[in-house]
Structure formats: structure tokens, C-alpha cells
Amino acid sequence: MSAHEAVPVSLAEIARIAGVGRAAVSNWRRRHDSFPARIGGTDVSPQFSLPEVEQWLRDNGRNRDVGGRELLWPRFEALGGRTESGLAVAAAGRRMRFPRTRTMPPELSARARDVVADAAKVGRREGPRETFEFLLRRWLETHVRQLGTTPPQLAALMARIALAVRLGPATDGLTLLDPACGTGHLAAAVVREYGGSGLEVLACEKDLAPAALTAGRLEFLAEDRDIRTQIVCADSLRDDPFAGTKADIALCHPPFNGRDWGYAELAADRRWTHGLPPRTEPELAWVQHVLAHLKPGGAAVVVLPPAVAARKAGRRVRGSLLRTGALRAVVSLPPGSAQPHSVSLQLWILRATPDGPAAAPPSQEALLVDATRFASEGAREPSPDWDGLGSFLLAALATLDRPDREPPQGAARVPLLDLLDDEVDVTPGRYTAAAAGPSREELTVGWNEFETLLTDLAEHTRLLSALASEAGDARTATTVGDLVTAGALTLRTGRQPSEPTAPAGGAAVPLLTVADLLNDGAPGATVPIGSAQTVAEEGDVVVAGVARAFRAWVHEGPPVALGPQLHVLRVDAGKLEPHFLAGCLSAPANGRQAGTHASSSSRVDIRRLQVLRLPLEQQSAHAETFRRLRAFEALLTAAGTAGEGLAKDMRDRLATGGPTT
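Residues numbered from 1 in each chain as written. Predicted model: local features only at pLDDT ≥ 70, side-chain atom pairs only at ≥ 80, totals over all residues. Heavy atoms only, no water.

Let's shift gears to the packing of helix H6 (residues 110-126) against helix H7 (residues 128-142). Interaxial distance between H6 and H7 falls to 6 Å at its minimum, and their mutual angle equals 130°. In terms of orientation, H6 and H7 fall into the oblique class. Listed contacts from H7 to Ala 119, Val 122, Gly 123 and Glu 126 of H6 are Pro 128, Glu 130, Thr 131 and Leu 135. A per-class count over the contact of H6 with H7 returns 4 nonpolar, 2 polar and 2 charged. (Axes fitted to C-alpha atoms, helices over the stretch in contact; angles between N-to-C directions. Helix = DSSP H or I, 4+ residues; strand = E, 2+ residues; numbered from the N terminus. Parallel < 35°, antiparallel > 145°, perpendicular 65-115°, else oblique. Contact = heavy atoms within 4.5 Å. Nonpolar A, V, L, I, M, F, W, Y, C, P; charged D, E, K, R; others polar.)

Attention shifts here to the sheet that holds strand E14 (residues 489-493). Sheets are built from strands that pair by backbone hydrogen bonding, the pairs being arranged parallel or antiparallel. What the 4 strands build is an open sheet, ordered E14-E21-E18-E19; its pairing is antiparallel. Where the open sheet ends on each side, the last strands, each with one partner, are E14 and strand E19 (551-554). Across the sheet, the mean angle separating the axes of adjacent strands is 20° when strand polarity is ignored. The sheet contact formed by E14 and strand E21 (residues 566-571) spans 5 bridges and is antiparallel. Considered in E21, the bridge of Arg 492 is made with Val 568. Of the strands in this sheet, E14, strand E18 (541-544), E19 and E21 touch helix H19 (residues 578-585), which is tilted by about 170° from E19. (Pairing = 2+ DSSP bridges.)

Any aromatic ring pair is given by two values, namely how distant the centres are and how the planes are angled relative to each other. Counted under the stated rule, the structure contains 9 aromatic pairs. Ring centres of Phe 35 and Trp 56 lie 5.0 Å apart, and the angle between their planes is 70°; this geometry places the pair in the edge-to-face category. Of the two residues, Phe 35 is situated in the loop between helix H2 (22-31) and strand E2 (40-41) and Trp 56 in helix H3 (residues 50-59); the sequence distance between them amounts to 21 residues. Overall, Phe 35 belongs to the buried group, its relative accessible area being 8%. For Trp 56, a relative accessible area of 5% gives the class buried. With centroids separated by 5.9 Å and ring planes inclined at 75°, the aromatic side chains of Trp 261 and Tyr 263 adopt a geometry described as edge-to-face. In this structure an aromatic cluster arises from ring pairing among Trp 28, Phe 35, Phe 48 and Trp 56. Its end group placed over the ring of Phe 220, Arg 97 keeps NZ or CZ at 5.8 Å from the ring centre. The positively charged end of Arg 373 is found above the aromatic ring belonging to Phe 392, 4.6 Å away from the centroid. (Phe/Tyr/Trp six-rings, centres within 6.5 Å; stacked < 30°, edge-to-face > 60°. Buried < 20%, exposed > 50% of the residue type's maximum accessible area, 1.4 Å probe, protein only. Lys NZ or Arg CZ within 6 Å of the ring centre and 35° of its normal.)

For the rest of this paragraph, the subject is the side chain of Thr 214. If you trace the backbone, Thr 214 turns up in helix H10 (residues 208-221). Setting aside residues no more than four positions away along its own chain, Thr 214 makes contact with Cys 181, Gly 182, Thr 183, Gly 184 and Ile 231.

So, about the pairing of E19. Side-chain alternation along E19 places Ala 552 and Val 554 on a buried face and Arg 551 and Trp 553 on a face that remains uncovered. Linking E18 to E19, which pair antiparallel, is a turn of 6 residues.

This paragraph deals with the confidence of the model for the protein chain. Here the protein chain averages 84 in pLDDT, while 89% of its residues score no lower than 70. Every residue in residues 597-601 scores below 50 in pLDDT, and together they form 5 contacts with partners more than four places removed in sequence or on other chains. (pLDDT = per-residue confidence, 0-100.)

A word on the packing of helix H4 (residues 69-77) against H7. Between H4 and H7, the shortest axis-to-axis distance is 10 Å and the interhelical angle comes to 45°. In terms of orientation, H4 lies oblique with respect to H7. Like other packed secondary-structure pairs, H4 and H7 cross with a definite hand, here right-handed. Of the residues in H7, those touching H4 at Arg 69, Glu 70, Leu 72, Trp 73, Phe 76 and Glu 77 are Glu 130, Thr 131, Phe 134, Leu 135, Arg 138, Trp 139 and Thr 142. Among the residues forming the contact of H4 with H7, the class breakdown is 6 nonpolar, 2 polar and 5 charged. (Left-handed = near helix turned anticlockwise from the far one by under 90°.)

So this is what it looks like as C-alpha cells:
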């Protein structure tokens, strides 16, 4: 890598570069007089010179991989605003794919051009596609608050829905339109989901950097496939670059609640065949825009805020969409499906009227689907059950053109006569709530299962309360650090993956992060097998070393890679029992005592966690009690969830005329 200016990096960035925890970097700074001096920031959040850090790591043998992708990103971030850094990432990707290309976007400074050139060298050494995706992912993480991205799971689901709903011959050749593509999540999803050949992607984005990044990521995805792409930087509504072009499918996640969308200058636009969208209803302009670009029988899926389904100002346009058969279905998504995560967003599924003498008349019904129940139970952050949600929606939409088939529970085929009233409210919950009520048989099964849970809970209560009443002897304790020194266990710390998410079909292991633990506890990504990751095997003890998610458990099942702030302890079976160790470590007081700060975001010093000193045979008895405690906690959670669900179901049944005695 060429010499570069004193790019500032934080302690967290140094830890990421070195593949260690932040606490380790703080220790280096305290113990080594040769550690680079602070060049900026504050005492709490100091900043250091990247070249000096790089040299220190090399001199002290702290990272064999210094010089790779992790050292690249601080230089991109130091370019300043998201536009120049985004254009630089896009230019680096293009240079990686086409090494002989020397042209650069005119907006890039000389400093940015140097970074692009160095990135291209790293890409050729470590893999062009992997390096570009790494830089793109870091750019998205840095600017997440300024970008309205579509989560990959939602993008994939929208692609599958559009491909399933469109009419027409199932021959090779498909044209996709995304008129507000952002950084290309929807287009990338279609490229992955479409199994045919002859795919043409037409995308538009008015922000220069995301448009360039979309072009870059699609170029990599299109390698060795019959895919043509055209990405344009323009305002789709005001200056449509694809006017007159028709697409087989359209996907759109438009900006919400924008008032300056061109209401005055576009008043007489031909796209408004269902009526001029009110100034306060820009989302209905996007809906009509994608409809105007569909081939006969083509399908569109649009992400919209829930208010669009009911606001008084848009009822005339909604009525026309229903009467003409253009609006075929409305889906209420679970909270957490996309930003804003606290809102139950909607998918509007549209289809252009088929042509030809055999075309059926417009449907006199619309499918309304309430999928809000697929939110993850017990998660601190809202996140859908994507597998369950996808299966349910595709099953519901399979009944769209099949009047002989009943939609699944939670979906309703509603006659237009019931929708075309003074409000024209197409909110699914208004029409599916009664249909989603539990049957008598389902309630009976639910109460029986709840009774079984209470019986098991009572048995665990009896056994644990008996143990609690027994007197115990005072025991001495040791620490994890002492056990490591004595060779009773080994300690390894998880790290930020150096590779991007594993490609579809590639050999990979799940990646567990602290964010996953705060959500539903399931790994949310994968990393390629063989990457430099800390992996927990069956029987290892895993510890979350951050106060707000502090816990310890014995890993069961296939191997899993660990992200930052997660640690794996592998015991010597002749000295320690894993379940005993996990039980001792998971004591709340243990985590508080070993915490480095008082805040809920503070880290826990794993080496300071205490473990009771017991002979191996006594550890087994304690381990059994720890197992029973975990089972007790699981039963409490299950009983609480089941009880709340039964109470809600009973209210629904009573409110819809169920028996009271």
C-alpha cells in the first residue's frame, strides 16, 4: 500500500484492524511506551495516525494480515462526506474488475484517486468481488442513518412475489425496473432469484453515490451471466429516463412522506391514469409510475407506509386502482421489516391489465393479508420470522387467481363492493381480524398445552425450592484468567468477519453476533468456511462479554462463528465440566463485578469472571442444578408467552360472538 497521510483511527477501528477486542488495544496502549501517540479526539475517544498504527502492529507482530481490507476502510472514511467515499468505493470496484481502466469520476479528489488505486491493488491480491463487497458493506454501515435501504430478506421476498404474480409466457427473458434503487438491494435480489437467462435491469437513483454503487455491485453479480444493466442517476418522477419503456416486473422502495416530488410541474403527466396524486400523497405517484412502466400482465411490488392505505386525500386514486384491477393485494408486514422498524409497513402488489381477446375481466375482489403476527416473539428489537413470513405470503398469493381456493388464515379475499365506500380503506387488519380468530378446537389444544407447561413448572419449582432451603458451605473461587494460566481451559475472542457474507451455495458457517443475541438469538448471517474466524464447537462454553447481553451457555449443535464481544472457552474435560463452568459464569453478580463500566453498553472483562473451586465430581452435581435452572427459566418464558397468547385469543373469540359460559 502506498504511503498515505495521517488518517485518524479510533481504538475500535484499531481493534478491528488487528482482529482483537477493544480492551486488548487499550492494554497495548498502557503497557507499551512505543504505542503511537494520540493525534486527535478526546481522552475518552482518542484518535491515532493510521500509518503509525500500521507500523506499530507490524513491528510488534500483532497482526499478520496488516495491509489488507481492514486498513483500507479508514482511508475511505477519511475522505469526508458519503458522496465522495461512495463514489470512491464504486470506482475502486470498477478498477478491480477492469484493471486497465484508468478513468475516474470527475468528482473525485486527488486524495480519493490515490485511495482507489491502492484499493484496486488490494482487490487484485485478495479478490476483487470480496474486497468490493467488504467496502460496500462498511460504507452502508457507516451511513446507515442517512440511507433508506431495503433489508436483504425483504428484497428477496419482494422479488419472489413479483416473479410469482406476473402473468405471461414463462420463457427466458425478463426486464426489471427499479425507479428508486438506492444502493441496489432490490435489483441484486432479482439477479439472485431469477433462474432464467436474458435478464435486463433498469434502475434509477437521483443520489449520485448510491447510483454508482448499484452499478458496481450489479457488474459483479452479472459476471458470467446473460444480464444487461442500465443504471441512471436521475429523478424518476421529474425526469423519467425510461419513459416509454415497459418492464415485466417492477420493485420499488420509494422515499416516504416527501412533499417536494414535483406536484406542480407534473400535474398533466400521462402517468396519472388513476388521478393526480395529491401533493401530500407522493407514494401514490410512485405507485402509478411503476404501473405506467409495466407490460400487460406485468407485476409490481411496492413498499409503502401504512397510512397510504387509509388517508382521506388518496381515496380517489385507491378507488380507481381497485376498480381497474390494478391493485391486486395489500400485505401488512410485521414491525421491523424495514425502516422505520417500529411501523408495520405494507406491500402493495399491482398488476397491469392483461391484453388480448382471452384476457379475463378485472377481478371484483382484492386480497388483503395481515402478516403482522410473524414478528419474532420475545425479541428486544423487532424482527420478522422471515422463513415463516415468506411461506405464508406465497401461499396466500397463490390463491390470487384461484377463486376455488381459500386463502390461509390471516388473509381474506374482499369484494370490491365492501372496499369502495366513502373511505376506500385497504388496511388488511380491518378485514382479516375476525377471520384470524382461533377456532374452538385450537383454543382447547392451547389450554391443554398451557396446563402441561404449568405442571412441569410446578415440578421444577418443588425441586429447586428444596435445594434452596439446604444449607451450603462457603467456597473459594478462582477466575477465568487463572484457569487459562493453569491450562484448565483456552480462551478465544470473536472478531469482525474479514470476509463478506458467504455467497449462496458456498460452504459457510453461521455467524453469531451480539446484535443477534439482543434480537432472537439466531445467527443472522454466514461467513465462508476457512475465514479467520473464532468458531465455537459443540461442548464449548460461549460468553457474551457486553453488559446489556451478558450471558454464558454451552454451545450445542453444529459449529458457529462468533462476532466481536463474544468469547469461546474450551475446557480440559479432566479438570472442568462445561455446564458447571457456564452456570458459574452466567451469574448476574459475576457479570456486574467483572464489568468495566457502569453503563449498559460496557464490556465485561472475561478473565475476571469467577468460577467456584470444586472437585470434578462435585462439579457434575452443580451442573445438573444449573441445567434445571435453565429449564425452569425456559418454562417460565414459554408459559408466559403461551398465557398471553391464550388471553388474546380468548378476547378475539369473545369479541366475535364466542360463548361466555
